[in-house]
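# Fold and contact review
Here is how the chains run, residue by residue.
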Amino acid sequence: MKSIVQSQRQFFNTQATHSIPFRIQQLKKLKKVLKANESLMYEAIYADFKKSEFETFVSEIALVYHDIDQACKSIYKWARKKPVSTNLLNFPAKSYVLAEPLGVCLVIGAWNYPYQLSFAPMVAAMAAGCTVVLKPSELPSRTSAAMAKIISENFNVAYLKVVEGGIPETTELLNQKFDKIFFTGSTAVGKIVYKAAAEHLTPVTLELGGKSPAFVTADCNLKITVKRLIWAKFLNSGQTCIAPDYVMVDKSIEAKFLSLCKEEIEKEHFSFENGNYTQIINNRNFERITDLIEPSKVYHGGDVDAEKRYIAPTLLKNVSFDDKVMQEEIFGPVLPVISYHTLEEAISEVKNLPRPLSCYVFTSSSKVRKKVLHQISFGGGGVNEAVMHITNSNMPFGGVGMSGIGAYHGEDGFKAFTHYKSILQKSTLLELPLKYYPQTKMKLWWIKKFLNI
């Protein structure tokens, strides 16, 4: 690990990655080799947890291609010198901000969207002019191997390197001195990464998770609300960090809401064979999720198959915040439904939990919308929509508090791997004597005048 980081630092110090044409060239090359290896990526991810070609392209690869195209189009704009105004005290001079790449970066990807959550931050780092050591999750092992093969066969290890392995390899990587660490995963592991980064004062971006709520009010368009919520929840079998983790529904429409949810699930025919459902990633997660399903509270679903790592789309009713299913992020195809009598009561309950990565509100009322959005702190979310905010790269994506630190996507991804240097460029034609000795009352008077104090 040490030699990998040293070789990347040596390469970075040649200034090669500072060149914007070099960055664009490498990004276009990445897109070309990914396209050439799409079949390999599809086969690998299906072997790991039966994710279909359609879902892999739409929810992962297409987003990476978009990030590459946007970066190639926008790098010159993102990286250009930005003039800023100069205060009177520094007259005559000009001021500007220069963007420079942070350096050698470690990107630790997540298993649930292994291509998108590994390659997207890598693309942002490449656009910023950094070198990257990429550590994919070891859980989808074939997917990790596919990424390693693609990168190792096409890129200099001193520029891009994929390191495979589990906890020992990740631990050894975290012992190295990086200029930036980008981690996507659980809050528990995020704390470990943050602690390791602190040893070297390395800046971090932590994309974590949490229990993301969805509010369903009595005045919403219930039919479209249910359609969008069911899709968002059971996409990737619920193994999505921004999936609605539970629903807060107005008591007056609870029965109708549950009935429509059941109908929508039955209509969609979620299954491996239909390509719209995936396996639970491993046995440990299968057992963890299964243990959260209390049989007496199952409204629909609840069927499981350990051999196939299959858990049917499951709706839970009569759930309270004291139940086991509400004590941790579910990260699986189980949707608890909690009814409320007043919105204030529901908001109060949600605010007692750690700040979530996402929050969704389904309503026709601007008053309700504003109340939820302004009173609950969360990373990002949607109104009358769920999950889809991640597809708009014009907005930063990230968490707050226990759900994460920092953000990326689009220009915000470029910023995540960039240091901005503030420069004051002074003319030598004129010099005001105010800052020099001797310190007189007249000079102090003038300084206060300039500062408008």
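Let me begin by describing the structure that accompanies this report. Because the structure is a prediction, the values reported are computed rather than measured.

Conventions used here
- Counting restarts for each chain: residues are numbered from 1 in the order of the written sequence.
- Totals for whole chains, interfaces and linings use all residues, but because this is a predicted model, local features are given only for residues with pLDDT of at least 70 and pairs of side-chain atoms are given and counted only at 80 or more.
- Only hydrogens and water are set aside when side-chain values are computed; all heavy atoms of the structure are taken into account.
- Each helix corresponds to a stretch of at least 4 residues labelled H or I by DSSP, and each strand to a stretch of at least 2 residues labelled E; elements are numbered beginning at the N terminus.
- In this scheme, a helix's expected span is set at 1.5 Å multiplied by one less than its residue total.
- Partly exposed residues are those whose accessible area sits between 20% and 50% of the maximum for their type, while under 20% is buried and over 50% is exposed, using a 1.4 Å probe and protein chains only.
- Of all possible arcs, the one meant is that of the directions from the helix axis to the C-beta atoms.
- Only heavy atoms enter the contact rule, under which two residues are in contact if any of them lie within 4.5 Å.
- As used in this record, nonpolar core signifies buried Ala, Val, Leu, Ile, Met, Phe, Trp, Tyr and Cys residues forming a set joined through side-chain atoms within 4.5 Å.
- Lines fitted to the C-alpha atoms define the axes, with helices restricted to the stretch that makes contact. Angles between their N-to-C directions range from 0 to 180 degrees.
- Should an angle fall under 35 degrees it is taken as roughly parallel, and over 145 as roughly antiparallel, whereas 65 to 115 is taken as roughly perpendicular and any remaining angle as oblique.
- Take the far helix as the reference: if the near one is turned anticlockwise from it by less than a right angle, the crossing is left-handed, and if turned clockwise, right-handed.
- Note that Gly is not counted as nonpolar here; it falls among the polar residues with everything else outside the nonpolar set of Ala, Val, Leu, Ile, Met, Phe, Trp, Tyr, Cys and Pro and the charged set of Asp, Glu, Lys and Arg.
- By this definition, two strands are paired if DSSP reports at least two bridges between them.
- A right-handed crossover is one whose linking path, passing over the helix from the first strand to the second, runs clockwise when the strands point away from the viewer.
- Polar contacts, as used here, are pairs of N or O atoms within 3.5 Å; protein pairs need one atom able to donate a hydrogen and one able to accept it. Residues neighboring in sequence count only if both atoms are side-chain atoms.
- Only residues whose relative accessible area exceeds 30% and that form no salt bridge enter a patch; like-charged residues are grouped when within 9 Å of one another, and nonpolar side chains (Val, Leu, Ile, Met, Phe, Trp, Tyr) when within 5 Å.
- Per-residue and other accessible areas were derived by the Shrake-Rupley procedure at a 1.4 Å probe size, with only the shown protein chains allowed to occlude residues.
- Salt-bridge detection follows one rule: a side-chain nitrogen of Lys or Arg within 4 Å of a carboxyl oxygen of Asp or Glu.

### What about helix H3 (residues 38-49)?
With 12 residues, H3 should cover 16 Å at 1.5 Å per step; its first-to-last C-alpha distance of 17 Å lies within 8% of that length. Considered for burial, the residues of H3 that qualify are Glu38, Met41, Tyr42, Ala44, Ile45, Asp48 and Phe49. Around the axis of H3, the buried residues are gathered within 170° of arc, so they sit on the same side. Elements that come into contact with the buried residues of H3 comprise helix H2 (20-36), helix H4 (53-79), helix H5 (116-128) and helix H6 (141-152). Lys50, located one to two residues past H3, shows a positive phi value of around 55°.

### As for the nonpolar core
Taken as a class, soluble globular proteins show a tendency for nonpolar side chains to be buried jointly. Within the largest apolar cluster, 91 residues are counted, with the highest numbers of intra-cluster contacts made by Leu30, Phe119, Val216, Phe257 and Phe417. By residue number, the principal contributor to this core is H5, which donates 10 residues. Filtering out sequence-adjacent residues up to four positions away, Phe119 remains in contact with Leu34, Met41, Val64, Leu134, Met147 and Ile151. Membership of the second largest hydrophobic core comes to 28 residues, among which are Met248, Met326, Tyr340 and Cys359.

### Considerations on the packing of helix H9 (residues 222-234) against helix H10 (residues 254-268)
It is at 9 Å that the axes of H9 and H10 come closest, and there the two elements cross at 55°. One way to sum up the angle between H9 and H10 is to call them oblique. Regarding H9 and H10, the two cross each other, and that crossing is right-handed. Of the residues in H10, those in contact with Leu222, Val226, Lys227, Leu229, Ile230 and Phe234 of H9 are Lys256, Phe257, Leu260, Cys261, Glu264, Ile265, Lys267 and Glu268. Class assignment for the residues of the contact of H9 with H10 results in 9 nonpolar, no polar and 5 charged.

### With respect to unusual backbone geometry
In this model, Phe91 is joined to Pro92 through a cis peptide bond whose omega is -5°. Here Pro92 shows up in the loop between strand S1 (82-84) and strand S2 (93-101). Of note, the bond from Tyr437 into Pro438 is cis; its omega dihedral lies within 30 degrees of zero at 0°. Topologically, Pro438 is positioned in the loop between strand S20 (418-426) and helix H15 (441-451).

### Details of the pairing of strand S16 (residues 380-383)
Burial of S16 is one-sided: the residues Gly380 and Gly382 facing one way are buried, the residues Gly381 and Val383 facing the other way are not. Of the pairings in the sheet, the one linking strand S15 (residues 358-362) to S16 comprises 4 bridges and is parallel in character. Within S16, the position partnered with Cys359 by the bridge is Gly381. For the crossover from S15 across helix H13 (residues 366-375) to S16, the handedness is right-handed.

### Concerning the environment of Gly399
Among the secondary structure elements, Gly399 is positioned in the loop between strand S17 (397-398) and strand S18 (404-405). The spacing of Gly399 and His374 is 25 residues in sequence and 16 Å in space, taken between C-alpha atoms. Beyond its immediate stretch of four places on either side in the chain, Gly399 contacts Glu207, Leu357, Gly379, Gly404 and Gly406.

### Quick notes on the sheet that holds strand S3 (residues 104-108)
Strand order in the open sheet formed by 6 strands is S5-S4-S3-S6-S7-S18, with mixed pairing between adjacent strands. With one partner strand each, in any of the chains shown, strand S5 (160-162) and S18 form the two edges of the open sheet. In this structure, S3 lies alongside strand S6 (residues 180-184), joined through 4 bridges in parallel fashion. In the strand pairing of S6, Ile108 is matched with Phe183. Packing against the sheet, helix H1 (residues 2-12) makes contact with S3, strand S4 (131-135) and S5, and its axis sits at approximately 155° to S4.

### A few points about helix H7 (residues 167-174)
Among the residues of H7, Thr170, Leu173 and Leu174 are the ones counted as buried. In an axial view of H7, the angular spread of the buried residues amounts to 95°, which keeps them on one side of the axis. Looking at the packing, one finds that the buried side of H7 touches S3, S4, S6 and helix H8 (187-198).

### Digging into the side chain of Asn112
Checked against the element boundaries, Asn112 lands in the loop between S3 and H5. Engagement of the side chain of Asn112 in a polar contact is seen with the backbone oxygen of Gln239, the distance being 3.1 Å. The contacts of Asn112, once residues within four sequence positions are left out, are Phe49, Lys51, Glu60, Leu117, Asn236, Gln239, Thr240, Cys241 and Phe331.

### Here we look at the sheet that holds S2
One open sheet holds the 3 strands; their spatial order is S1-S2-S20, and the pairing between them is antiparallel. Every interior strand has two partners, whereas the edge strands, S1 and S20, have only one. Looking at each pair of strands side by side, their axes are set apart by 30° on average, direction ignored. Of the strand pairs in this sheet, S1 and S2 are connected by 3 bridges, and their pairing is antiparallel. Within the sheet, the bridge partner assigned to Lys82 lies in S2 and is Val97.

### A word on a nonpolar patch on the surface
On the surface, Leu88, Phe91, Leu429, Leu430 and Leu432 cluster together into a nonpolar patch covering about 520 Å² of accessible area. Within the secondary structure, Leu429 sits in the loop between S20 and H15.

### Structural notes on the pairing of S4
Most of S4 is tucked away: 5 of the 5 residues are buried. In S4, alternate side chains face the same way, and those of Thr131, Val133 and Lys135 on one face and Val132 and Leu134 on the other are all buried. Of the pairings in the sheet, the one linking S3 to S4 comprises 5 bridges and is parallel in character. Bridge pairing in S4 links Cys105 to Val132. For the segment spanning S3, H5 and S4, crossover handedness is right-handed. Bridge count between S4 and S5: 3 bridges; the pairing is parallel. Directly across from Val133, in S5, lies its bridge partner Lys161.

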